[in-house]
Each structure stands twice: as C-alpha cells, then as structure tokens.
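Residue-level structural notes
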Amino acid sequence: MNYRRIKEKIYKWIFTVLAFSSLFFLVGIMIVLFKEGTPIFKDVGFFKFLFGTRWYPTHEPPDFGILPLILGSIWVTAGAIIVCVPLGVGSALYLNEIAGFRQRQFLKPIIELLASIPSVVYGFFGMVIVTPFLQKTFNLPTGLTALNASLILGLMATPTVCTIAEDALSYVPRSFREASFAVGANRWQTLTRVVIPAAGSGISTAIILGMSRAIGETMTVLMVAGGAAVIPKTFLGPVRPMTAAIAAEMGEAPMGGDHYHALFAIALVLFLITFVFNIIAEIISRRFRIKLGLSG
Amino acid sequence: MDNDIKMKADKINFFYGNTQALKSVDLNIFSNRVTALIGPSGCGKSTFIRLFNRMNELIAGTKLTGKIYIDGEDINSPCIEAVDIRRRVGMVFQKPNPFPKSIFDNIAYGLRVNGIKNKDFIEEKVVQTLKKAALWEEVKCRLKESALGLSGGQQQRLCIARCLAVETEVILFDEPCASLDPISTGKIEELILELKKDYTIVIVTHNMQQAARVSDYTGFFLLGELIEFGRTQDIFTAPKDKRTEAYITGRFG
Amino acid sequence: MKKDITQNIGFFLLFACIIATLFFLGTIIYFIFTRGMQIISWEFLTQPPRNAMTEGGVAPVIVGTLYLTLGAMIFAVPLGLACAIYLCEYSPKSIVVNIIRISINNLAGVPSVVFGLFGLAVFVNFLNFGVSILSGSLTLGILALPLIISASQEALLAVPHSIREASLSLGASKWETIKRIVLPTALPGILTGVILSIGRAAGETAPILFTAAAFYKRGYPKSIFSEVMALPYHIYALMTEGTHPDKQKAIAYGCSLILLFLVLFISGIAIYLRQRQRSYHG
C-alpha cells in the first residue's frame, strides 16, 4: 500500500505547484504594473501626473498629466450609470416582481446571454448607427462624443446590472413579502417599502459592478468616445478615457520610454480604481448575505 | 464479560482547538455485538465513534491523545494508513448520503476504489450486498437509476449496503435514523439485528428505546465523559450512576 | 383608489424599463444581423481577404480567433482547475487562502486592457515571444484564469461535504475521492464556467491589441510565433484603418455577425447548461 501513499503525495504536489504557478501569474500582474508604471512618478511626480491637466505625451517636451483622461473616464462612466441603473434595476424589478414564472424563465437567460455580447460589437454599433444619428440630431461636427460612449457603455452594462440585481432580489425571503401583504399593503407598497430596502445592498453591489465594468471597458470607448485628451466640458464633445488612451497609444509608445511607463501608470490607476470598486462590492454583498441569513 | 474484544478505546482525550470534547474515555467493543452509545446532544458520542475510523482527522485543529485498537493493533500507529482502517471499519452517517450516481455504482464504488476490476465479481457482489441490506426486492429493476431518486429510508439502507460491499468488519452507525420516519427506522433496526451475526456494530443514538431494542451493550455519555457502560438490560433496569438513571427516566436530555 | 393608481403607474414604468432594454439590445442584434447577412456567403466564410481588405472573405480571421481561443483554453483550463482543486480540497484553511480567494474574485473584474499590458510587458517583451499567437493566447488565458478558478471553486464548494465523507469512510483516498466523486459531481458547474470563459476570450479585443493581432497578414498563420488576424480586432481595424471605409464597413458587419453568432452560441450553451442544473437541483 506504499504505492498508494506515494501516489497521493504526488497528486498533492502537482496541485500545489499548479495552483501556485497560476497565483504567480495573477500576482505578476500587480508586480508588472508597479514595476513598469512607477518610473514615471520619479520623472513627473506623483501629483503632477495624477492632477496635471495636459496630456501631450508625444510633444517636445512631453506633458504627462492624466487628469483629462481620468475625467473622461468619470464622465462616460457617470453617463453610463444614468442609462444602466434605471434600465437594469427596472428590468430586474420587473422580472422578479411582475413577470410570471414562465416569462421570467424565458427572459432571464436571454438577458444573461445579452451580457456576453463582445464589447467590440457594441463599439461597432456605436460607430455605424449611433454616431450618424447623434451628429444629425444635435447638429454636431462629429458624433463621436462622451454622450455616445455613455449610451453605448450604459446599454452594455445593463444586462450585467440586471442579472446581479435580479439575483439579489430573488434572495429576499418570501416571508418578508407575505408579512407585508398580511397587513394590507399592495404589491407596489410591498415592493418599494419591503423588497427594495431588503435587497438594497444587493442592488448597490450590482450597480458598483456595473460601474466597474463601464470604467474598465476599452473597445467601446476607444471606438466611439472621440479620443480628444482635453478636460471634458459637455457631453456633446469628444473625450479620451483612460482605457482608450492606453489602447490607442501603446502601439506607438517606444518600449521603456516615458510614454510607455506613463501608460502603465494609467493602467495601475485603473487597476486600483476597479480593485477598490470590487472590494466595496464584495463587502456590501457579504453584509447583504449575512443580513438575510444566507451563508457568506 | 464473555466476548472477544474487537475494538478498544484506551484513555481517549480529544480536543477541538482548546475545547475538550472527550475526557479520558475507556471502552471495549465486543465482536458480533451491538454497542449503543447514548447521551444528550453534544455529549461527544458522535465525536467518539468517528475516532474508530479516523474520520476526525479530516477536521482541522483537532488533537487526540490515548489509543484505539482494532484486534489489538493501534489504528493510529504511523505505519497504518487511514484508508486501510476505514476499509475495515465502515460508517453510516446521520443523513443518508448516497453519491449522485446510479444505485449500482454506489455499491460498486467501494469495490472499485479498492482496485477490483472484475465486472462479474462486482455485479455478483452488488446483488449479494443489496440482498443482505434487504433492499434488493425494492431496487432490482432500477439499478441503473440515480440513487437520489430513492426514499430516505431506502437511501439509508443503500448506504449500509455500500458499507457491506467493502467487507468491513465493524460498522459504525452515527444516528442512522435521525432523519427517517418510524417505518423506515423499524426496517433499519431489523437490519442491524440481522447484521450483527457477521459484523461488529456500534450505534450512536439519542433515542433510548432504539438503544434498548437493538443493543447488547450500552454506554452513557455526558459532557465528554463515559459515565457508565454495561449490558443494555443492566443499564436500563439497574443503572449504577444517578445521572444515568436521570437520563434514562427522561429527567433531562 | 389612490394607492392602486400609484401601483399601476409604477408597474408600467418597470414594464417600460424591460421593454426599453430588450428593444435597444434587440436593435443592435437586428442591425448587425440584417446588414451582416448581406455580405455573408460561402465565399466570405472560406476565402482569404483580397484587394487590400476590400474584397474576398475572412477565413484566416476566423481561424485566427479559433487558434487564440483554443490556445487560451489549453493554458487556462488545466491551470485554473488545478488551482481551484488546490484551494478547495488541499489548501489549509487559513487567512492567507481567504485573501487569495478574494484577490482571484477581484482579478475577474480587472479591465481587460490591463491584462493586455501585462501580456505586452511579460510575453511579448520580457520572454521575447513577440507579437504572436503564443503571446495572445497566454494573455487571453490569464484573463480567463480568474473566471475559471472562481467558477470551478463555486462548483466544488457546492459538492456536499457528506458525500466526501462517505467516500473516505469506504476506504477511498483523498485523490480517489476527488477524481471519482467530487469532480464528476462538480463537472456541470465547472463546464458552465469554462464555456462562459471561452465566449469571453473569443470576444475580447483589448488583450490581443498589442500581443497578437495584425490588421493584415497574408494567408493562414504558420506557427505559434506568427502574428494573427482575429475577428474582434479585425472589426476594430476595419473601422479605423485602411482606405476604403465603405467597403470595409460592409466587411466589418459580416465579421460582427460572425463574432456575435460565435459568442452567443457558446454562451448560450453555458447558460442552457446552468439553467438545467438549476432546475435539476430545484
């Protein structure tokens, strides 16, 4: 039986080694971002990099201030939230509260499926359909604007928000609703005063994850946001969010140069932002589960 | 006591972290007899029988002192593998836990993991153990169906059969009827009485009537200590310890 | 009654939300489907591009996407599954493991362009694989890794502890229990996660932007060290480069339809599987 014992040991070792090598890659991402991103802070200075208002990486001398890019990201994300929160959460409420069992069994998978449409397809749609439409409607020099990016990103995040919010709503125990009906509340009152408060943190998790998806999205904003690295003043003008800057400029940035490091530093900022969002979402959803008595 | 000792617990102390769950327990398990362990919930009786097939090793942060012997051999000695002990000492759990496989595969599983590949032998063995577990008549036409489709009582008998197939010497029952209805419970009890001809049986229960009906020996546990151990009829008719008497007459527990 | 009027208005608004959602998303699919169908033909699917990407088909592009996705899965599935098995079955339960678990969940939400930069720095430059199928596959694989790990972990954790105990109590060893009981039981869940990540990898653009993709490459890729055309990047490139925007736009519609079909088909299988599991478990 010694053979069996050795076999057990070998398997355990194989799994340990494979697990740690995959963790090695994942930790590697953070290390690489820090290693390639931080040199720019030495040259430009951390605060000047973060809050500088001029992004002219190819000028002589270059300017590496990413505030316009950060604001670009914030604008399109905020715009996307305005689109995807009502649509996503509204749809989730409809699916969970109003739709019958069969309607829900049918619609929920469809919405989940829509969440998997690749971003480049959204970007393409934005370019060929939404852009000319906006240009004509608002009589603009170009339809590639923050508004366009917001609409497309919002639409793109809607299925994600809807799916997660609907999951949260379905965790609300039936007894909560029954208690409310028992004191004479109608379905709308039950929904607004019992179900939504109970699922509130679950719904906010959905919104945060939707935001996280919107701020990190690359292809759509690269294709439809217009790409002007200026501090945005109107939704009808072009912007250049952080992800678009990285994707558009990395091809031309010479390896190891300041521009290269600056783009990695932007990725680092982006990474930290989404990391914080995800941690917040995780904490809220953990509390939510505890509140409803579900296992963490 | 006129019987052969099959298993023996010697000065067992057991800890979950810093909490002591068992305090200096000595107990003999006799061959071809049914030994019942009774006591209120949390008294350590389940923890105790899980030591006999080394199942507590799977729980992190536990510590055992004292020795457990099977046929005079120390089961925790470093040259003995847990898998070998578990093959000799089978276990039936509180809740029926069939594998999500067919009825046939559930029984064949134990044979297959022990390296048996001969199909005819496996088939023969499955039929034989199902008959032994008094389940054959109910399932003979649906051996290929999922075991999860059986009723709770049938599932529990399947779990017993699964145990019999690996030819264990001792079967540990950890409250086997806790989740079953009275009729299924009756069938399991009959089965236990039948099985003791060939096996040594230890059963944990907090149903005292059950202990009285099926067992030859009874041990009473309270707060991690073995208060009293003896022939079942003595324990139930003339308990020596006041606490045993109080428990049996239903004053607590 | 007043409160019923509020209810009717409220319900109507919610109904409007889902209709709007389905309408807008439906519009996207409608446009891409109708315009894409105009260009898709047998030739389009099986021929290489001609005349500076303005005529001919997109076969090498489709093949490129398949290579990249396949490469990513060859790398990520065994590694991700092994990692999940280690974390669920072998690793000691400690704070460190918990932190690892949380970081993996978080990495699933890291922007894909960040993975692209990692691939550029490590595979293209540091390991000197160059812009190639290998670099792109590895980058996509790392993107898929956290998705596969967390889906597999979830599936493994859903396997009841009681049947593991049952297996061990019959004298099975740990590995035998994992191989014969835990993995088969968790398989549908693991499969769902893997298939979803295939869909994700196939549709991603940002990670291959600087690691694998070329706008134009003659013929089919010859080795894992050659650059490759891929559907998602091709759509982007057709819209932003080249000299014949109108002809390129038509081809981009075709590519979008193929990509959309591919991704929706793959994800559809996964969602169908998941739906079936849900109804099976009640």
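Computed from a predicted model, the values in this text were never measured in an experiment.

Interface size is commonly expressed as the accessible area that is lost once the parts come together. Every contact between the two is made by 69 residues of chain A and, on the other side, 72 residues of chain C. A total of 18 residues in the side of chain A that touches chain C trace back to one element, the largest contributor, which is helix α1 (residues 2-37) of chain A. When the residues that make up the side of chain A that touches chain C are grouped by side-chain class, the tally is 43 nonpolar, 18 polar and eight charged.

In contact at an axis separation of 10 Å, helix α12 (residues 258-291) of chain A and helix α5 (residues 112-126) of chain C are set at 140° when each is read in the N-to-C sense. Our classification of the angle between α12 of chain A and α5 of chain C gives oblique. Like other packed secondary-structure pairs, α12 of chain A and α5 of chain C cross with a definite hand, here left-handed. Contacts between α12 of chain A and α5 of chain C involve Phe264, Ala267, Leu270 and Phe271 of chain A from the former and Val113, Val114 and Leu117 of chain C from the latter. Looking at the contact of α12 of chain A with α5 of chain C residue by residue, the class counts come to seven nonpolar, no polar and no charged.

What follows deals with the domain arrangement of chain A. All names here are of chain A. Entries for chain A in the domain assignment read domain 1 (2-37) and domain 2 (47-291). Computed over C-alpha atoms only, the centres of domain 1 and domain 2 are separated by 34 Å. Taken together, the contact between domain 1 and domain 2 spans four residues of the former and six residues of the latter. Its residues placed into classes, the side of domain 1 that touches domain 2 shows two nonpolar, one polar and one charged.

This part is about the nonpolar core. Ile266 and Ala267 of chain A are the most contacted members of the largest nonpolar core, which totals 270 residues. Beyond its immediate chain neighbours, meaning those up to four positions away, Ala267 of chain A contacts Leu33, Gly37 and Ile246 of chain A together with Val113, Val114 and Leu117 of chain C.

Residue and element names in this part refer to chain A. Within the secondary structure layout, His59 lies in the loop between β1 (55-56) and β2 (63-64). For His59, a count of 9 C-beta atoms within 10 Å puts it in the exposed group. Between the C-alpha atom of His59 and that of Ala245, which follows or precedes it by 186 residues, the distance is 15 Å.

Attention now goes to the sheet that holds strand β7 (residues 170-174) of chain B. Residue and element names in this part refer to chain B. With respect to topology, six strands assemble into an open sheet ordered β6-β7-β8-β3-β9-β10, the strand pairing being mixed. At either end of the open sheet lies a strand with only one pairing partner, and these are β6 (89-92) and β10 (225-231). Along the sheet, successive strands turn relative to each other by an average axial angle of 15°, direction set aside. In this structure, β6 lies alongside β7, joined through four bridges in parallel fashion. Residue pairing for β7: Gly90 is matched across the bridge by Ile171.

A word on unusual backbone geometry. Negative phi values dominate among residues other than glycine, just as trans dominates among peptide bonds. The omega torsion across Glu60 of chain A and Pro61 of chain A is -5°, close enough to zero to call that bond cis. A positive phi angle, near 45°, is found at Ser24 of chain B, a position not held by glycine. Tracing the chain through its elements places Ser24 of chain B in strand β2 (residues 19-30). With 14 C-beta atoms packed within 10 Å, Ser24 of chain B lands in the partly exposed category.

Taken N-terminus to C-terminus, the directions of α1 of chain A and α5 of chain C make an angle of 75°; their axes are 10 Å apart at the nearest point. Comparing the axis directions of α1 of chain A and α5 of chain C gives the class roughly perpendicular. Here Gly28, Ile29, Val32 and Glu36 of chain A of α1 of chain A come into contact with α5 of chain C, specifically with Val114, Phe118, Ala121 and Val122 of chain C.

What follows covers the environment of Leu196 of chain C. All names here are of chain C. Within the fold, Leu196 resides in helix α8 (residues 174-203). A count of 24 C-beta atoms within 10 Å places Leu196 in the buried class. Along the sequence, Leu196 and Leu147 sit 49 residues apart, while their C-alpha atoms lie 8.5 Å from each other. Excluding residues within four positions of it along the chain, Leu196 makes contact with Leu147, Ser267 and Ala270.

Rules behind the numbers
Residues numbered from 1 in each chain as written. Chains lettered and ligands numbered in written order. Predicted model: local features only at pLDDT ≥ 70, side-chain atom pairs only at ≥ 80, totals over all residues. Contact = placed C-beta atoms within 7 Å. Helix = DSSP H or I, 4+ residues; strand = E, 2+ residues; numbered from the N terminus. Nonpolar A, V, L, I, M, F, W, Y, C, P; charged D, E, K, R; others polar. Axes fitted to C-alpha atoms, helices over the stretch in contact; angles between N-to-C directions. Parallel < 35°, antiparallel > 145°, perpendicular 65-115°, else oblique. Left-handed = near helix turned anticlockwise from the far one by under 90°. Domains from an automatic or database assignment. Core = buried A, V, L, I, M, F, W, Y, C linked by C-beta atoms within 7 Å. Buried ≥ 20, exposed ≤ 12 C-beta atoms within 10 Å, placed from the backbone. Pairing = 2+ DSSP bridges.

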